[in-house]
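This is what each chain is made of:
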Amino acid sequence: ASGDSVGESVNYKITGIDPGAGIMEATERAIEDYGLDDWELVSGSGAAMTAALKKAYDKEEPIIVTGWNPHWKFSKYDLKYLEDPKGSYGGEEEIHTFGRLGLKEDKPEAYKALEQFKWTDEDMGAVMVDIQEGEKPEDAAKKWVEENRDKVDEWTKGVEKVDGDTFKFVYVAWDSTMASTNVMKVVLEELGYEVELAQVEAGPMYTAVADGSADALLAGWLPVTHKTYYEKYGDKLDDIGVSMEGVKIGLVVPTYMDIDSIEDLKE
Ligand SMILES: C[SH](C)CC(=O)O
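Since this is a predicted model, take the numbers as computed values, not measurements.

## Considering the side chain of Thr-225
Within the secondary structure, Thr-225 sits in the loop between β8 (216-222) and α12 (227-233). Polar contacts involving the side chain of Thr-225 include one to the side chain of Glu-93, which spans 2.4 Å. Dropping the residues within four chain positions of it, Thr-225 is found in contact with Gly-22, Ile-23, Glu-25, Glu-93 and Ile-249.

Next comes the structure, spelled out in structure tokens:
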């Protein structure tokens, strides 16, 4: 009912994603920091979160989700981040590429391409929107590579081709990571690699690169989102480089909700 508090209007629930995601740890921290004692963070998956967002948005009902940029939801819906005056979500983040120790010696060509891999949220957004609109991730990636040959040529500048070497990426089914991992699969295949993609949860994504059973991951969100994973595994990872700057995480709501800050959830 309109007289309800924002908490009552969403049954004091924040709709999250997979439990291992760093944004979930950051949201638990926000619940603590802002004293949101009656509130519950509901875990699920990236897909379940966007399905719940669509359902609420289409009926202009209140909903609060764990959100991040880049993400196609911002081009599909009118959304806003809740201000985070206590800084529970940190500030601007970078997406790092982490390789297993020894990768530079074993697969120098792939390593150099990963070092040179750098793109913008618009680039990634184009792939994400195509996937969200029904294109297979690999087809959306192929289309982007063909339409952005100049950028891809920068990534592969000075990189020798190989003949059938294997390469294994691990990734979590976050829309942003599916876009980057499928694009780099196409790029490494053009260099002659046999590329395998393994979809895993966030913890296993880090342990696979740390124990060397996978070659690389493209979703190292730092300094805040994956701080815990980096503290645990950082000494067993090679930080190959930053593929994107200026990304962010936080709580996101439709603009039709008249709240502006995480503080407003306290009422
Ligand atoms: C792509 S999501 C911000 C990643 C995460 O929360 O761990």
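## Observations concerning the side chain of Ser-88
Topologically, Ser-88 is positioned in the loop between β4 (79-81) and β5 (93-100). In this view, Ser-88 contacts Ala-26, Arg-29, Ala-30, Asp-33 and Tyr-34; residues no more than four positions away in its chain are not counted.

## Quick word on helix α2 (residues 22-33)
The end-to-end C-alpha distance of α2, which contains 12 residues, comes to 16 Å, matching closely the 16 Å that a straight helix rising 1.5 Å per residue would cover. Contacts from the buried residues of α2 go to β1 (13-15), β2 (40-42), β3 (65-69) and β9 (237-254). After α2 finishes, the residue Gly-35 shows a positive phi value of roughly 65 degrees.

## Topic: the nonpolar core
Core analysis: the largest hydrophobic core is formed by 90 residues, its most contacted members being Ile-64, Phe-167 and Leu-265. Of all the elements, β9 adds the most residues to this core, at 8 residues. Apart from the residues within four sequence positions on either side, Leu-265 is in contact with Val-6, Leu-36, Trp-39, Ile-64, Leu-82, Leu-251 and Ile-259.

## Quick notes on the pattern of salt bridges
The final tally for this structure, using the stated rule, is 17 salt bridges. The residue Glu-138 makes a salt bridge to Lys-185 at a minimum N-O spacing of 2.9 Å. Highlighted residues: Glu-138 in helix α8 (residues 137-147) and Lys-185 in helix α10 (residues 175-190), separated in sequence by 47 residues. Several salt bridges converge on common partners, so that one network encompasses Arg-100, Asp-106, Lys-107 and Asp-215.

## Comments concerning empty space enclosed by the protein
What the rule picks out here adds up to 1 cavity of 30 Å³ or more. Approximately 100 Å³ is the volume found for the largest cavity. Taken together, Ile-17, Ala-21, Gly-22, Ile-23, Trp-68, Trp-174, Ser-176, Trp-221, Thr-225, His-226 and Ile-249 make up the full set of residues lining the largest cavity. The residue makeup of the lining of the largest cavity, split by class, is 7 nonpolar, 4 polar and no charged.

Calculation criteria
- Residues numbered from 1 in each chain as written.
- Predicted model: local features only at pLDDT ≥ 70, side-chain atom pairs only at ≥ 80, totals over all residues.
- Heavy atoms only, no water.
- Helix = DSSP H or I, 4+ residues; strand = E, 2+ residues; numbered from the N terminus.
- Polar contact = N/O pair within 3.5 Å; in protein donor to acceptor, adjacent residues only side chain to side chain.
- Contact = heavy atoms within 4.5 Å.
- Expected span 1.5 Å × (residues − 1).
- Core = buried A, V, L, I, M, F, W, Y, C linked by side-chain atoms within 4.5 Å.
- Buried < 20%, exposed > 50% of the residue type's maximum accessible area, 1.4 Å probe, protein only.
- Salt bridge = Lys/Arg side-chain N within 4 Å of Asp/Glu carboxyl O.
- 1 Å grid on protein atoms, 1.4 Å probe; cavity = no way out; pocket = protein on both sides within 12 Å on 5 of 7 lines; lining within 4 Å.
- Points joined across faces, edges and corners; volume = space filled by probe spheres on them.
- Nonpolar A, V, L, I, M, F, W, Y, C, P; charged D, E, K, R; others polar.

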